[in-house]
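As a plain string of letters, each chain reads:
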Amino acid sequence: MKPPPFDYYAPRSLLEAIDLLVRYEGAARPLAGGQSLVPMLNFRLAQPAALIDLRLVEGLDGISLEGNTVRIGAMTRQRQAEHSALVAQHLPLMRAALQWVGHAPTRTRGTIGGSIALADPSAELPLVLRALDGEVLAAGPEGVRAIRAELLFHSIFTTALAPDEILTEIRLPKMPPDCGFAIEEFARRPGDFAIVAVAVVLEPLGQSMIRARIAIAGATDTVFRVPSAERLLGVGPLTTEVIEAAAASAAECCNPMSDPRISGDYRRQLIRVLTRRALLKAAVTPGPWQQPSSNPSLVK
Amino acid sequence: MTLSVEIQLTVNGERRVGRCEPRKLFVDFLREDLCLTGTHAGCEHGICGACTILFYGEAARSCTMLAVQADGAEILTIEGLAASDGTLHPLQQAFQSCHGLQCGFCTPGMLMLSLDLLRHDPAPTESSVREALSGAICRCTGYQGIVDAVLAASSAQKKGDMV
């Protein structure tokens, strides 16, 4: 249970880091917090020729607000985000999701960018990026490009990032203060990877119109959204029947994976239950999704 | 292959220097190079929590860190908990009084994790203690005594002892 040998570099600039990735032609891996990569090295599931440690690269961490966008440096530690006032105020879904990410000691070291770049299909931070329609910045030999969440995640541990690109920043539109949100997850033990996790955001669009977003992790080879279920939630109020229909639609829209311990049918059932719970929880926040009967003056 | 890297860091308030292969885990560096064997290597993949140390005052697992990632850092290990004259830290005292250990293998990790918890939440509820300690595993399953010890240390702290 010890890592295999590798070349080690701790460059101080992004250009230097990219140069190294280019030079190793795909055989080098960037090292962020190491909370997944170091265990993978210990198991020798990963045997990179070189590790490019990003800890000394300038300008890769920190959280700031620019207009309506929260910018999170890729090397920002998960724990730093968990305690960030900006995240609490503008990205409460991310704050809630971070409670589900590993344990406090892994969040001390684990980074926001590392988790997203790894693209574990059951991880919470890719789920948040997808639920909030965020994007990431990737720096490579050709320069910097933005990749939208929906185009980033291809499959298990596979993203649109090229082997010589480094994820440098996560950009998330701030959540309106009057939106409802929730994340629900099921895992066998606290801190385990989710068997299924569901994130929900309900945003009032004026009149009784709602913009609903539902993202699911753990069920297939990547996080995904469920437009068919989201469309059912476009107009308030959201009755329990409508919520149940959306949950059923979410459960039917994919083909959940089976593994030796957890069947696809069980995952499908979890999608349905967790989507319903998340929607009910999100709908506790006052908004057009609530039924008029919750207004006491209308109750006879 | 990079043969070795130099590592300078502060451990328990003392400047230490070492040299090791970049693939060396921080827990092994602490134990083998700095002879600080109080930190235990358990599962070596970040699940059991036995190797928990404080990295700049925050609990972290030393088995999912390369030693070189601790270059320049400020580290607290179990050896830094008791006073130099051997007086137990209030948390250690509480673990002793409440029978918070049996075989003792997980204890260094439990103590470092509890220290992080009490520094950030000096008056935790039982459920938040259990939530925090879910990041560490005791195979003797003596969790009740461990939870009691953390709660007792928290009350002792309220009475004026610093944790």
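Basis of the calculations
- Residues numbered from 1 in each chain as written.
- Chains lettered and ligands numbered in written order.
- Predicted model: local features only at pLDDT ≥ 70, side-chain atom pairs only at ≥ 80, totals over all residues.
- Helix = DSSP H or I, 4+ residues; strand = E, 2+ residues; numbered from the N terminus.
- Expected span 1.5 Å × (residues − 1).
- Buried ≥ 20, exposed ≤ 12 C-beta atoms within 10 Å, placed from the backbone.
- Arc of directions from axis to C-beta.
- Pairing = 2+ DSSP bridges.
- Axes fitted to C-alpha atoms, helices over the stretch in contact; angles between N-to-C directions.
- Contact = placed C-beta atoms within 7 Å.
- Domains from an automatic or database assignment.
- Nonpolar A, V, L, I, M, F, W, Y, C, P; charged D, E, K, R; others polar.
- pLDDT = per-residue confidence, 0-100.

> Pulling in residues and values, what's your account of helix α5 (residues 143–158) of chain B?
Residue and element names in this part refer to chain B. For α5, spanning 16 residues, the distance from its first C-alpha to its last is 23 Å, which sits close to the expected 22 Å at 1.5 Å a residue. Listing the buried residues of α5 in full gives I146, V147, A149, V150, A153 and S154. Taken around the axis of α5, the buried residues stretch over an arc of 155°, which confines them to a single face. In α5, the exposed residues that point more than 90 degrees away from the buried face are Q144, S155 and K158.

> Tell me about the pairing of strand β6 (residues 135–140) of chain A, and please be specific about residues and values.
Residues and elements named next belong to chain A. Two elements, β6 and strand β7 (residues 143–148), share 6 bridges in a ladder whose sense is antiparallel. Counted as the bridge partner of G140 is G143 from β7. Taking the residues that link successive antiparallel strands as the turn, the β6-β7 hairpin has 2 residues. The pairing of β6 with strand β10 (residues 166–173) spans 5 bridges and is classified as antiparallel.

> Run through the sheet that holds strand β3 (residues 50–53) of chain A, naming residues and quoting values.
Residue and element names in this part refer to chain A. Spatially, β1-β3-β2 is the arrangement adopted by the 3 strands of the open sheet, whose pairing is parallel. In this open sheet, the two edge strands, each paired with only one partner strand, are β1 (7–9) and β2 (28–31). With direction set aside, neighbouring strand axes in the sheet form an average angle of 20°. Pairing analysis gives 4 bridges linking β2 to β3, with the strands arranged parallel. Opposite R29, over in β3, you have L51 as the bridge partner. On the sheet, helix α1 (residues 14–23) packs against β1, β2 and β3 and is oriented at approximately 170° with respect to β3.

> Give a detailed account of the environment of D265(A), specifying residues and quantitative values.
Residue and element names in this part refer to chain A. Tracing the backbone through its elements, the reader meets D265 in helix α12 (residues 264–282). For D265, a count of 11 C-beta atoms within 10 Å corresponds to the exposed category. For the pair D265 and G236, spaced 29 residues apart in sequence, the C-alpha separation works out to 31 Å.

> Before we move on, can you summarise the domain arrangement of chain A with the specific residues and values?
Interfaces are often sized by the amount of accessible area the parts lose when they come together. All names here are of chain A. When the domains of chain A are assigned, the result is domain 1 (7–53), domain 2 (63–173) and domain 3 (180–282). At the junction of the two partners, domain 1 supplies 12 residues and domain 2 supplies 18 residues. Per-element accounting of the side of domain 1 that touches domain 2 gives the leading share, 5 residues, to α1. The residue makeup of the side of domain 1 that touches domain 2, split by class, is 7 nonpolar, 5 polar and no charged.

> Got a sec to walk through the confidence of the model for chain B? Specific residues and values, please.
Residue-level pLDDT values for chain B average 95, and 98% of them are 70 or greater. Predicted complex metrics record ipTM = 0.94 and pTM = 0.95.

> Describe the pairing of strand β11 (residues 180–186) of chain A, naming the residues involved and giving the relevant values.
Residue and element names in this part refer to chain A. Within β11, 6 of the 7 residues are buried, which leaves it mostly tucked inside the rest of the structure. The sheet contact formed by β11 and strand β12 (residues 196–204) spans 7 bridges and is antiparallel. By the bridge assignment for β12, E185 is matched with A197.

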